[in-house]
Amino acid sequence: MALVLHSGSGNKNAFKALIAAEYCGVKVELTKNFEMGVSNKTPEFIKMNPLGKVPVLETPDGAVFESNAIARYVARSKGDSLLWGGSLIEYARVEQWMDFGATEVDPNIARWLYPRLGYMPYNAQSEEFGIAGLKRALEALNTHLASNTFLVGHSVTLADIVITCNLYHGFARILTKTFTSEFPHVERYFWTMVNQPNFKKVIGDFKQAEVVPPVQKKAAPAKPKEAKKEAPKAAPKPAEVEAPEEEAPKPKPKNPLDLLPPSKMVLDDWKRLYSNTKSNFHDVAIKGFWEMYDPEGYSLWFCDYKYQEENTVSYVTLNKVGGFLQRMDLCRKYAFGKMLVIGSEAPFKVKGLWLFRGQDIPEFVMNEVYDMELYEWTKVDLSDEAQKKRVEAMIEDLEPFEGQALLDAKCFK
Amino acid sequence: MALVLHAGSGNKNAFKALIAAEYSGVNVELVKDFQMGVSNHTPDFLKMNPIGKVSVLETTDGPVFESNAIARYVARMKADNPLYGSSLMEYSHIEQWIDFSTTEVDANIGKWLYPRLGFYPYVAVIEDTFITALKRALGALDTHLASNTYLVGHSVTLADIVMACNLYHGFTRIMTKSFTSEFPHVERYFWTMVNQLNMKKVVGDVNRQSLSHQFKTRLRHQRSKSPRMPRRKQRRRKPRRRPRSQSQLKKQRRKKRHQNQS
């Protein structure tokens, strides 16, 4: 009996064994008609792997589960194999990078991707954590690959197979070009690997993800059937990528701003940072702002009240600004704003700073909020250091502002 | 030069290599005065492991990181080590359980425990997912151990060492008796393992996670669970006009009506 691998086609964990088999000249057959969620719930399958996870390798001596263990078995089954390197220390390094792939790369990709596909509850903070972990791992990998073509030694080892399959999952689903370009050596490495003939035979042609999948409003395990049908036309199809149990349909865009290309800046993250920073505001929040700020997806605007001389009564002025912020409620998802009421006596000056999604002031805001025309709007030019300083001062409510005390600083968030 | 292991004492990942060394008769030294967060951020350390995590093993041929890889290396120093079983199939099953222990047991214990220790953001819904996943993993393990004393074959293998160290972390930090009693075979297995002579030499006496401790951690969390969105400091503001009383409002409306009529 040949080795039989139980898994759907297109499963990156199954690829590990299949690619290793190509390198070693071992015959591994993939079961036909494997249905995720059905075939792996049968009693026979549970007997092979009590967890019911795929893939599982059926051998004449019994079953093996855990994809790395399967790949190891395949690589071992032909006696000494070059996939293990040529010495004890190379052997150890191969295993070291396999484990690195399993503990640093794969779980962090999953932590980012799966909540977005609706397999796990989504939480922005946890996602951020996953992304940071992934960046740290890729950074380390990038450093190593700067002076190495392969992970260990001078040819493909099992470590390359495992890490490439893990990266493959990320590159295919969520790691867009903008994300990976920070790690040029990892990119180079990945493309070299997937173009190796033995990889290509298993994986086929490969296309990198173009967009980060949008967050699911609700995890949709209730009706996976329906979701599956919608998927092909809605989601830009990740060609030949493993078909997950449920494919994610894109939520219907309601606002033209939702149609903009995705931005790396998450507005809520900034608002949270702004609200939660209590001490050392300049170093933490302002610095964080420039780190998050995405000049392509967002734009900054100064606004000046056109009729400053009319602001003679303090509370009238304050109420005017308060009303403005209330009416801006409709763009809470797309904007952040600071409004300063400046001066210790009349006439008070009203000036503000706004962050809007997109490169222009959104049209629907212009149409709906009449206050908008009471202000003079100028786009911030960040190449001008003075304007940048002014932005910082306004976010921070720095006093004195333009030589005057502040009567009030209101925030729209 | 002997093998030098860089890790703090009491690190469950370092235990893996140390226990494997005891079983294999290999000499592994733990560095002295290792300070977590300091020693592992030095340039020398980062050269050994670019991600700066412990444990790292320094060998005459260069460093190796990832605790399981280190344990494997140590075990392989002794030719035909029984820790690796006696056949290809046993070897594969050992690897299978090592990976299971890493991806299913350790990962989920970590995701449950670390947010409670404040290393990660804490989210109640997400915690539930991980507890469920851990229960699923321990359930599977329990089924396997119902008819097996050890994970593979009839003696201690590397899989048992790795699994015991990962369970150790859970048993001492967060898995209380009421939690583990659902998995009697896992419990029996764990206590058998930590009382093996070679393990005891490294790990010492194991103290069970006491209920009160967990309760304390939970309480601390409930207090700081969801970071509030506090309002930023309010600027001195002038008092608003006092809201007019009903009678005054009425009077004013009457006056307006009167003006309109005239």
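- The name an unreviewed UniProt entry assigns to chain B is Elongation factor 1-gamma 2, from the organism Triticum urartu.
- Quoted verbatim from the Sequence similarities (unreviewed entry) field of UniProt, the annotation for chain B is "Belongs to the GST superfamily."
- Turning to chain B, the UniProt record has this under Function (unreviewed entry): "Probably plays a role in anchoring the complex to other cellular components."

- Looking at an unreviewed UniProt entry, one finds chain A named Elongation factor 1-gamma 2 and attributed to Triticum aestivum.

1. Observations regarding helix α3 (residues 67–76) of chain B
- Counted residue by residue, α3(B) has ten buried out of ten residues, so it is predominantly covered.
- Looking only at α3(B), the buried set comprises B:Ser67, B:Asn68, B:Ala69, B:Ile70, B:Ala71, B:Arg72, B:Tyr73, B:Val74, B:Ala75 and B:Arg76.

2. Observations regarding the interface of chain A and chain B
- The interface is formed by 60 residues belonging to chain A together with 57 residues belonging to chain B.
- Summed over both partners, the interface of chain A with chain B comes to about 5,400 Å²; 58% of that surface belongs to carbon and sulfur atoms.
- Across the salt bridge formed by B:Asp99 and A:Arg72, the nearest N and O atoms sit 3.4 Å from each other.
- At the boundary of chain A and chain B, one finds 17 residue pairs in polar contact (both at pLDDT 80 or more).
- The element best represented in the side of chain A that touches chain B is helix α4 (residues 88–117) of chain A, accounting for 13 residues.

3. Some points on the sheet that holds strand β2 (residues 28–30) of chain A
- The four strands lie next to each other as β2-β1-β3-β4 (chain A), forming an open sheet whose pairing is mixed. The open sheet has two free edges, formed respectively by β2 and β4 (62–65) of chain A, since each of these has just one partner strand. Ignoring strand direction, the axes of neighbouring strands in this sheet form an average angle of 25 degrees.
- The sheet contact formed by strand β1 (residues 3–6) of chain A and β2(A) spans three bridges and is parallel. In the strand pairing of β2(A), A:Leu5 is matched with A:Leu30.
- Strand contacts of helix α4 (residues 88–117) of chain B: β3 (56–59) and β4 of chain A, with the helix running at about 30 degrees to β4(A), the strand carrying the most contacts.

4. Considerations on empty space enclosed by the protein
- Under the definition given, this model contains four cavities of 30 Å³ or more.
- Roughly 210 Å³ of volume is contained in the largest cavity.
- Taken together, 16 residues form the lining of the largest cavity, with A:Arg111, A:Ser126, B:Pro121, B:Ile126 and B:Phe130 sitting closest to its centre.
- Looking at the lining of the largest cavity, its residues break down into ten nonpolar, two polar and four charged.

5. What to know about the confidence of the model for chain A
- Residues of chain A with pLDDT of at least 70 account for 90%, and the chain-wide mean is 85.
- Note on residues 219–253 of chain A: pLDDT under 50 across the span, and 40 contacts to partners over four residues away in sequence or across chains.

6. Brief notes about the pattern of salt bridges
All names here are of chain A.
- Enumeration over the complete set of coordinates arrives at 33 salt bridges over all chains.
- In this structure, Asp-269 engages Arg-272 in a salt bridge whose closest nitrogen and oxygen atoms are separated by 3.2 Å. Placement of both Asp-269 and Arg-272 in helix α11 (residues 267–276) is noted, with a separation of three residues, approximately one turn of the helix.

7. Concerning the packing of α4(A) against helix α6 (residues 158–173) of chain A
All names here are of chain A.
- The N-to-C vectors of α4 and α6 enclose an angle of 15 degrees; their axes lie 9 Å apart at closest approach. In terms of orientation, α4 lies roughly parallel with respect to α6. Seen along the crossing, α4 lies across α6 with a hand that is left-handed. For the pair formed by α4 and α6, the contact residues are Val-94, Trp-97, Met-98, Phe-100, Gly-101, Ala-102, Val-105, Asp-106, Ile-109, Leu-113, Tyr-114 and Leu-117 on the first element and Leu-158, Ala-159, Val-162, Ile-163, Asn-166, Leu-167, His-169, Gly-170 and Arg-173 on the second.
- Considered class by class, the residues forming the contact of α4 with α6 number 15 nonpolar, four polar and two charged.

8. A look at the pairing of strand β5 (residues 298–305) of chain A
Residue and element names in this part refer to chain A.
- For β5, the buried fraction is high: seven of the eight residues fall into the buried class.
- With five bridges joining them, β5 and strand β8 (residues 375–379) adopt antiparallel strand pairing. Considered in β8, the bridge of Phe-302 is made with Thr-378.

Rules used throughout
Residues numbered from 1 in each chain as written. Chains lettered and ligands numbered in written order. Predicted model: local features only at pLDDT ≥ 70, side-chain atom pairs only at ≥ 80, totals over all residues. Heavy atoms only, no water. UniProt positions renumbered as here; feature names shortened; annotations may be inferred. Buried < 20%, exposed > 50% of the residue type's maximum accessible area, 1.4 Å probe, protein only. Helix = DSSP H or I, 4+ residues; strand = E, 2+ residues; numbered from the N terminus. Contact = heavy atoms within 4.5 Å. Buried area = accessible area lost by both parts, 1.4 Å probe. Salt bridge = Lys/Arg side-chain N within 4 Å of Asp/Glu carboxyl O. Polar contact = N/O pair within 3.5 Å; in protein donor to acceptor, adjacent residues only side chain to side chain. Pairing = 2+ DSSP bridges. Axes fitted to C-alpha atoms, helices over the stretch in contact; angles between N-to-C directions. 1 Å grid on protein atoms, 1.4 Å probe; cavity = no way out; pocket = protein on both sides within 12 Å on 5 of 7 lines; lining within 4 Å. Points joined across faces, edges and corners; volume = space filled by probe spheres on them. Nonpolar A, V, L, I, M, F, W, Y, C, P; charged D, E, K, R; others polar. pLDDT = per-residue confidence, 0-100. Parallel < 35°, antiparallel > 145°, perpendicular 65-115°, else oblique. Left-handed = near helix turned anticlockwise from the far one by under 90°.

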